[in-house]
Amino acid sequence: VNACGSYSAQIGKMVGLNIPIKPRKGQLIISEPIGPFMEATVQCARYNIIKFNPESIKDKNVLKLGSSLSIEQTKEGTLVIGEVDKIKGFYIAAGHEGDGIALAPISGKLLAELITDGKPSYNIDHFTPNRFEL
């Protein structure tokens, strides 16, 4: 199981795969438990621009510093996990962008189900690593 986050591409190279993951620096702040109070993710627009359209940012310091904000209370979310067709028994649980810490529990659960049962309890077909040319 390759669950090495931003280092997943380097691990992939060790077995001849070209995993399209490029590390970006980020910071995470975790507060003390304060109880649920949010039902939605709050993001500044710059967060999505940096994430999905970084070439549109003209100030290189913004890209370097990652000047954006995302606030969220969540237990589950999107992920990229699954078995690599080219290498039987090689699984990838990576590519969560900056959300890997929050998605680790559900990623681990679904990957464990995939490995042990052959099918996870949630359909993750859209997130298979085989959608890329590895």
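Residues numbered from 1 in each chain as written. Predicted model: local features only at pLDDT ≥ 70, side-chain atom pairs only at ≥ 80, totals over all residues. Heavy atoms only, no water.

A. Here's a closer look at the overall build of the protein chain. Each helix and strand in the protein chain was counted, giving 4 helices and 4 strands. In the protein chain, the order of α-helices and β-strands from amino to carboxyl end is α-β-α-α-β-β-β-α. For the protein chain, with 134 residues in total, the buried portion stands at 25%. Contacts in the protein chain between residues far apart in sequence, at least 24 positions, make up 59% of those at least 6 positions apart. Accessible surface, the protein chain as shown: approximately 9,700 Å² in total, 56% of it carbon and sulfur. (Helix = DSSP H or I, 4+ residues; strand = E, 2+ residues; numbered from the N terminus. Buried < 20%, exposed > 50% of the residue type's maximum accessible area, 1.4 Å probe, protein only. Contact = heavy atoms within 4.5 Å. Areas by Shrake-Rupley, 256 points an atom, 1.4 Å probe, with all protein chains shown as cover.)

B. Up close: the environment of Val 84. Within the element layout of this structure, Val 84 appears in the loop between β3 (81–83) and β4 (91–93). A relative accessible area of 1% means that Val 84 is categorised as buried. A sequence separation of 45 residues divides Val 84 from Pro 129, and the C-alpha atoms of the two residues are 6.4 Å apart. Beyond its immediate stretch of four places on either side in the chain, Val 84 contacts Leu 17, Phe 90, Ile 92, Pro 129, Asn 130 and Leu 134.

C. Molecular detail of the confidence of the model for the protein chain. For the protein chain, per-residue confidence averages 75 on the pLDDT scale, and 64% of positions sit at 70 or higher. Summarising per-element confidence for the protein chain, the mean pLDDT is lowest in strand β2 (residues 70–71) (60) and highest in helix α1 (residues 8–14) (91). (pLDDT = per-residue confidence, 0-100.)

D. Quick peek at the pattern of salt bridges. According to the stated counting rule, one finds 1 salt bridge in the structure shown. Residues Lys 109 and Glu 113 are paired through a salt bridge, measuring 2.5 Å at the closest nitrogen-oxygen approach. In this pair, Lys 109 and Glu 113 are both assigned in helix α4 (residues 100–117), 4 residues apart and thus about one turn of the helix distant. For Lys 109, a relative accessible area of 42% puts it in the partly exposed group. (Salt bridge = Lys/Arg side-chain N within 4 Å of Asp/Glu carboxyl O.)

E. How the structure looks around the nonpolar core. Listed in full, the 9 residues of the largest apolar core are Ile 81, Tyr 91, Ala 93, Leu 103, Ile 106, Leu 110, Leu 111, Leu 114 and Ile 124. Broken down by secondary-structure element, the contributors of at least two residues to this core are β4 and α4. Among the elements that make up this core, the one with the highest residue count is α4 (5 residues). Among all residues touching Ile 81, those that are not within four sequence positions of it are Ile 92, Ala 93, His 96, Ser 107, Leu 110, Leu 111, Ile 124, Phe 127, Thr 128 and Pro 129. Core analysis: the next-biggest nonpolar cluster, separate from the first, contains 8 residues, Val 84, Phe 90, Ile 92 and Ala 94 among them. (Core = buried A, V, L, I, M, F, W, Y, C linked by side-chain atoms within 4.5 Å.)

F. The environment of His 96, seen in detail. The topology assignment puts His 96 in the loop between β4 and α4. Taking C-alpha positions, His 96 is 9.2 Å from Ile 81, a pair spaced 15 residues apart along the chain.

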